[in-house]
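# Notes for the structure review
So you can see what is in the structure, the chains are spelled out below.
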Amino acid sequence: MKTSKIFRLAAFIVTMLTVSQVWANVDFGRSMHFKKIDRNAGLSHNQIHSITQDSKGFIWVGTMSGLNRLDGSNVKVFKYSASQPHSLPDNNIVDVWEDHRGILWVNTALGLSFLDPETETFRQSDTIKFGRYILNLTNFNNFYRDNQGGIWVMTTHQGVQYGNSKDNSIYH
């Protein structure tokens, strides 16, 4: 009789632990909805090279035919224009990333551009200033941002350079 009570108690505990584990994994009230966004929905091209979300919540999509900003309802496309000096240097977007100042870095097939979010204009530059130091972007290939806010820049002739935004220093 005593063994039967212990067995039932053990079975009850195992059942409760199993049920509580199942309930812990259920996300009540939240469901995921996916929406297809392609050329038919306003995207500049279906071949996507890069996606990032900025600090304002916009989703930036770099394609082989322009940079796209998604706000949840609309798509705004940024492209190269010979008649606009502050447009992208090229439509083939390789990578997109936002720095700690809210400036969007846009790596294109023809060089690096920076998007000012207030004016929505691009500027090209061969250097970035970190305090009194200058990070050279000549023959720029790609960049990487680490979790500490540092920027790793890969160049063809100068190798890897590191810019630290916290203490405004540069390492080669």
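Residues numbered from 1 in each chain as written. Predicted model: local features only at pLDDT ≥ 70, side-chain atom pairs only at ≥ 80, totals over all residues. Heavy atoms only, no water.

There is about 280 Å³ of room inside the largest pocket. Taken together, the elements giving at least two residues each to the lining of the largest pocket come down to strand S1 (48-53) and strand S2 (59-63). Looking at the lining of the largest pocket residue by residue, the class counts come to nine nonpolar, four polar and two charged. (1 Å grid on protein atoms, 1.4 Å probe; cavity = no way out; pocket = protein on both sides within 12 Å on 5 of 7 lines; lining within 4 Å. Points joined across faces, edges and corners; volume = space filled by probe spheres on them. Helix = DSSP H or I, 4+ residues; strand = E, 2+ residues; numbered from the N terminus. Nonpolar A, V, L, I, M, F, W, Y, C, P; charged D, E, K, R; others polar.)

Let us look at the nonpolar core. By size, the foremost hydrophobic cluster in this structure holds 11 residues: Trp97, Ile103, Trp105, Leu112, Phe114, Ile128, Leu137, Phe140, Phe143, Ile151 and Val153. At the level of secondary structure, the elements contributing two or more residues to this core comprise strand S7 (111-116), strand S11 (140-145) and strand S12 (151-155). In this structure, Trp97 is in contact with Thr52, Ile103, Leu104, Trp105, Phe143, Arg145 and Ile151, ignoring residues within four places of it in sequence. Grouped together as the second largest cluster of nonpolar side chains are 10 residues, Phe78, Ile93, Val96 and Val106 included. (Core = buried A, V, L, I, M, F, W, Y, C linked by side-chain atoms within 4.5 Å. Buried < 20%, exposed > 50% of the residue type's maximum accessible area, 1.4 Å probe, protein only. Contact = heavy atoms within 4.5 Å.)

What follows concerns the pattern of salt bridges. Under the definition given, this model contains four salt bridges. Between Lys36 and Asp38 there is a salt bridge whose closest N-O contact spans 3.6 Å. A salt bridge links Lys76 to Glu120, with the nearest nitrogen and oxygen atoms 2.4 Å apart. One end of the pair, Lys76, is in strand S4 (residues 75-78); the other, Glu120, is in the loop between S7 and strand S8 (121-124), with 44 residues separating them in the sequence. The exposure class assigned to Lys76 is partly exposed, which follows from its relative accessible area of 34%. (Salt bridge = Lys/Arg side-chain N within 4 Å of Asp/Glu carboxyl O.)

Turning next to the sheet that holds S2. The four strands lie next to each other as S1-S2-S3-S4, forming an open sheet whose pairing is antiparallel. Each end of this open sheet is capped by a strand with a single partner; those strands are S1 and S4. Averaged over all adjacent pairs, the angle separating strand axes in this sheet is 20°, with direction ignored. Bridge analysis of strand S3 (residues 66-70) against S4 gives four bridges, and the strand direction is antiparallel. Paired with Asn68 across the bridge in S4 is Val77. (Pairing = 2+ DSSP bridges. Axes fitted to C-alpha atoms, helices over the stretch in contact; angles between N-to-C directions.)

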